[in-house]
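Structural overview for review
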Amino acid sequence: MARMTGRRLLFAAPVLLVVTFGVFAVAAASPFDPVKSYAGTAGLSASQETLDQLRANLGVDQPLVACWWEWLTSAVTGDLGDSAVMRRPVADVITERLGWSVLLATSAFVLAILLGTALGVAAARRPGGWLDRCVGSAAYTLEAAPAFWLGLLAIWFFALRLGVLPAGGLTDSGSDTVTFGQVASHLVLPAAVLGVSQMPWFYLYVRQGVADALEEDPVRGARARGLSERTVLLGHAWRSGMLPMLTLIGSRVPELITGALLIETVFSWPGIAAATVEAATSVDFPLLAALTVLATAAVLIGNLLSDLLYGLADPRVGFDG
Amino acid sequence: MTARSIRGTAAAALAGSLAFTATACSNPDSGSGPDGGDQESAVVGIAYEPDSLSPLLGYGKDGNSKLFDGLLAVDGDMNLRPALASALPEVGADGTTYTYRLRDDVKFSDGKPFSAADVVFTYRTILDAKTNNPSKTELAAIKDVTARGEDTVVFTLKYPYAPFAQRTVLPIAPEHLAGRQDVNTGPFTTKPVGTGPYLLTNWSKGEKISFKANPDYWDGEPKVKKFTMAIIKDDDVRATRLRAGDLDGAILPPNLAKGFENDKGRRTYSATSYDYRTVTLPTHNKVAGDNAVRRALDIAVDRDTMVDKVLDGAGRAAHGPVPTGSEWFTKGTERVHDLAKAERILDEAGWKTGRDGVRTKDGVRASFPLWYLSGDKLRQDHALAYASDAKKAGIDIKTQAGTWEVIEPRMRTDAVLAGGGAPGDPDFDQFSLLNSTLAGDGFNNMAWYDNPAVDKALDAGRESGDKQARKAAYDTVQRELVKDPGYTFLTHIDHVYVVNDTWGTLTTQVEPHDHGLASGPWWNVEKWAPTP
């Protein structure tokens, strides 16, 4: 187990290197001009001399490899550089926003897992029953529905028609103190939408796993011994039915990140994903590279976590190698 | 490890991440006043957000920045009045020195006094090559700025520049704070301290900017104690949140503002502006560069219909960069829509109508592309209307959408549906649009306009300190534009705002191209008072 963790971490370093270089290469090849987006409307009346000066100051006049190498060497020493689009050090941007993203993603993830598991177990008890059919078709529909579309739908219904929940932001527009109640009420819609959009995968895995487990010999044996339905379901079937879901938890991390990207934009949630969109369209190298490293690390850790969980939960599964 | 301990570990991990969240998200707020009544706070919806709140990077360069004051300010009639200066500047005889005496009772909101050193610091920093201020071109006339004692600042210019005083509305930053950090990315860019009527309480990027009244403001504490600008890019969402009562006022496109016309509790304001839409007719294009084609297009286009249909009536026909309502507008240069005359001009110049209705001359087909910024509905509508009017005169204009990255390399030969407009001085727009030395310099003189008579008049206009002489110079420019129109000016656009009636009748300034943040009826929110 420790060996697997160590090997995966060793492997992560070259992956991260390649990914950051890829980000610089793709950004450099994109038609967007970082100077234009930095200058904004002022750029439309700026002289060429001013624009050239900006290009030199922002350090984007250098070749791709030089840009990347400079970023990398200072990143290793802990200096993530300055974000041009946010006009501040990258480290500040990330520390200020990461927490809100983690809060949103964690709430959504917990909601998706709890909801998916509860519904999955309930549906597996009576395969083909009304609950199974209803939730099953809803899950397939949700799987196909884009998260941003669900978000717009939720805003339209809960914020505009019913007026019960705020349409966006971290707090009310008139208030500028971040209180628990404010954040909690503003978190409900984005977290629910993100959670619900992730729910189908968990539901489908759990339902299948538990339904299969109920057919297995040990469960049949337990039933034959006259154990209560509750013990059979939660004590036997649930535990073996949950195994496939453990792998799912890790592999859903990338989906969760892309989902959060859209949800944060729709709900003007001041998280890291919204900054990623801005960094990408403005070719903000330092910010984009740092955010990509974060996302890649999250995916690698997610995969490692799911493998570890699986190995721990089922002793028959070894740790690779 | 059993399942139980896994659950335990998972719970611990979750608790840890929540605890991390709680510490990482400490509230950047520096405290806020008590929640006032309805009339003591105002929330307005705007469409654009500044990139930075530092004047050193260009924030508030046209005055009116709420957090800061300039040496001078512009009032509701667009006249200059003293702000941090105690009087309008003394201008030297040759027009190259401007001397400002400063008020001595002004403090920055952190309690430190304001002095001449701050003014010198602000201007020198902006002009410094290391400062990423994209608007520094506007201060190109400055040779040097020096302090004479605590309360006098002297600007020396490279050449006589009559509109210079208009540029000194730009906000003054405190040297003792901004001078001690990275000017481009330091904390001052997001947490500024100024001398203005409001203090920043919170800026949540992409969401809102909140202000509270500065109790020690030298010009009196504002009655609106809390002021919030909510950043809502989508027009429909802004209108909905205004209707829902979430906002007290908002900028809206004319068609959405119409929905509030019969609302008893709200008023609609149309701010006149210098915000023009124009078509560049590049000199290097064989068709668009032809004088007869330019003159024909200038009168073939039906500006009044554009105002009615494209702008829903919220705007005026434009005959040049100077709006018809301005004192600098030259009467008699209005272009009257006259298709027959346009056709006559083209016929006389040898542009013969071909079989497909498009004219040709010496084998050149009267056709050129017209680019507009993709996603900009207003520019698209203008471009389509222009192309349709031109078609009637036998000129085939192909409209194409693109981003600036696509458009910019083509500007030398292709037409562009451009916008701009800076109120204050006739020099600002006309010099950068028409001066031949600025042809193709960034986005200046996009049409590569080259007319020696105009160049001469533009120089005369900016150098002379005498208003009569300046007026004569700009009259020449506008008359030359009739003879040789390098651009087809289409409309000046009104900016429409809807605001709750709580504060009585409000006023608006004449607005620039850039809108929604410093302008709007809240240009003087510090002077608002609740209706009794």
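Predicted model, so just to flag it, every value in this text is computed and none were measured.

**Regarding the overall build of chain A**
Looking only at helices and strands, one finds 14 helices and 2 strands in chain A. Summarising its shape, the C-alpha atoms of chain A cover approximately 85 × 55 × 35 Å along the three principal directions. Residues counted as buried form 45% of the 321 residues belonging to chain A. The contacts in chain A between residues at least 6 apart in sequence include a share of 73% that link residues at least 24 apart. Summed over its atoms, the accessible surface of chain A is roughly 14900 Å², and 67% of this surface lies on carbon and sulfur atoms. A gap of 14 Å separates the mean positions of the 20 positive and 25 negative side-chain charges of chain A.

**A look at the nonpolar core**
With 69 residues, the main nonpolar core has L71(B), Y100(B), Y123(B), F155(B) and W522(B) as its most contacted residues. Top contributing element to this core by residue count: helix 2 (residues 116-127) of chain B, with 6 residues. In this structure, Y123(B) is in contact with L71(B), L139(B), I142(B), V145(B), F155(B), R167(B), T168(B), L170(B) and I172(B), ignoring residues within four places of it in sequence. One finds A108(A), L189(A), V219(A) and L248(A) within the second-largest nonpolar core, a separate group that totals 55 residues.

**Focus on the interface of chain B and chain A**
With 54 residues of chain B in contact, the opposing surface of chain A contributes 54 residues. Summed over the shared surface of chain B and chain A, the number is 1 salt bridge. Looking at the side of chain B that touches chain A, the elements with two or more residues in it are helix 1 (3-24), strand 8 (198-204), strand 9 (208-213), strand 10 (226-231), helix 5 (235-243) and helix 11 (404-407) of chain B. It is helix 1 of chain B that provides the largest number of residues to the side of chain B that touches chain A, a total of 8 residues.

**Concerning the environment of A108(A)**
All names here are of chain A. Here A108 lies in helix 5 (residues 90-125). The buried category is assigned to A108, whose relative accessible area is 0%. As a C-alpha pair, A108 and V188 span 80 residues in sequence and 9.4 Å in three-dimensional space. Those residues within four positions of A108 in sequence are excluded, and the remaining contacts are A191, L194 and G195.

**What about the packing of aromatic side chains?**
In this description, a pair of aromatic rings is defined by centroid distance and the angle of the planes. Residues and elements named next belong to chain B. Across all of its chains, the model carries 26 aromatic pairs over all chains by this definition. Summarising the aromatic geometry, the rings of Y98 and F164 are spaced 5.0 Å apart at their centres and angled 65° between planes, so their arrangement reads as edge-to-face. Here Y98, found in strand 5 (residues 97-101), pairs with F164, found in helix 3 (residues 164-167); they are 66 residues apart in sequence, far enough to count as distant. Exposure class is identical for Y98 and F164. Each is buried. Ring geometry for F211 and F227: centres 6.0 Å apart, planes at 25°, overall stacked. One end of the pair, F211, is in strand 9; the other, F227, is in strand 10, with 16 residues separating them in the sequence. This pair shows no difference in class: F211 is buried, exactly as F227 is. Note that R167 overlies the ring of F428, its terminal NZ or CZ placed 3.5 Å from the centroid. Here R462 stacks its cationic end above the ring of F431, 3.5 Å away from the centre of that ring.

**Some thoughts on the pairing of strand 6 (residues 142-147) of chain B**
Both faces of the sheet carry side chains from a regular strand, because those side chains alternate between them. Residue and element names in this part refer to chain B. When strand 6 meets strand 7 (residues 152-157), the two strands line up antiparallel, connected through 5 bridges. Looking at the pairing, I142 lines up with L157 of strand 7. Taken together, strand 6 and the strand that follows it, strand 7, pair antiparallel across an intervening segment of 4 residues, in which G149 is found at a positive phi of about 75°.

**A closer look at the sheet that holds strand 15 (residues 352-353) of chain B**
All names here are of chain B. Across the sheet, 3 strands lie side by side as 15-16-17; this open sheet has antiparallel pairing. In this open sheet, the two strands that pair with only one neighbour each are strand 15 and strand 17 (364-365). Two elements, strand 16 (residues 359-361) and strand 17, share 2 bridges in a ladder whose sense is antiparallel. Among the inter-strand pairings, K361 is bridged to a residue of strand 17, identified as V364.

**Notes on the pairing of strand 5 of chain B**
All names here are of chain B. Summarising the sheet, strand 4 (residues 90-91) and strand 5 pair through 2 bridges and their orientation is antiparallel. Across the sheet, residue V91 finds its bridge partner in strand 5, namely Y98. Between the antiparallel neighbours strand 4 and strand 5 lie 5 residues, among them G95 with a positive phi of about 75°. Of the strand pairs in this sheet, strand 5 and strand 7 are connected by 5 bridges, and their pairing is antiparallel.

**Thoughts on unusual backbone geometry**
One non-glycine residue with positive phi stands out, namely R87(A), at about 60°. Residue position: R87(A) is located in the loop between strand 1 (82-83) and strand 2 (88-89). Not every positive phi belongs to a glycine, and N64(B) is a case in point at roughly 60°. Residue class for N64(B) comes out partly exposed when judged on its relative accessible area of 23%.

**Side note on the pattern of salt bridges**
All names here are of chain B. Following the criterion strictly, the structure yields 39 salt bridges over all chains and no others. Notably, a salt bridge pairs D144 with R124, separated by 3.4 Å at the nearest N-O pair. Taken together, the positions of D144 in strand 6 and R124 in helix 2 put the pair 20 residues apart, joining distant regions of the chain. Look at D144 and you get partly exposed, because its relative accessible area is 31%. Given the relative accessible area of 43%, R124 is considered partly exposed. Where R241 meets D246, a salt bridge forms, and the shortest distance between an N and an O atom there is 2.7 Å. Classification of R241 by relative accessible area gives buried; the value is 16%. A cluster of three or more residues bridged by salt bridges with shared partners is formed by D356, R365, K391, D396 and K398.

Thresholds applied
- Residues numbered from 1 in each chain as written.
- Chains lettered and ligands numbered in written order.
- Predicted model: local features only at pLDDT ≥ 70, side-chain atom pairs only at ≥ 80, totals over all residues.
- Heavy atoms only, no water.
- Helix = DSSP H or I, 4+ residues; strand = E, 2+ residues; numbered from the N terminus.
- Buried < 20%, exposed > 50% of the residue type's maximum accessible area, 1.4 Å probe, protein only.
- Contact = heavy atoms within 4.5 Å.
- Areas by Shrake-Rupley, 256 points an atom, 1.4 Å probe, with all protein chains shown as cover.
- Lys, Arg positive; Asp, Glu negative; His and termini not counted.
- Charge placed at Lys NZ, Arg CZ, Asp CG, Glu CD.
- Core = buried A, V, L, I, M, F, W, Y, C linked by side-chain atoms within 4.5 Å.
- Salt bridge = Lys/Arg side-chain N within 4 Å of Asp/Glu carboxyl O.
- Phe/Tyr/Trp six-rings, centres within 6.5 Å; stacked < 30°, edge-to-face > 60°.
- Lys NZ or Arg CZ within 6 Å of the ring centre and 35° of its normal.
- Pairing = 2+ DSSP bridges.

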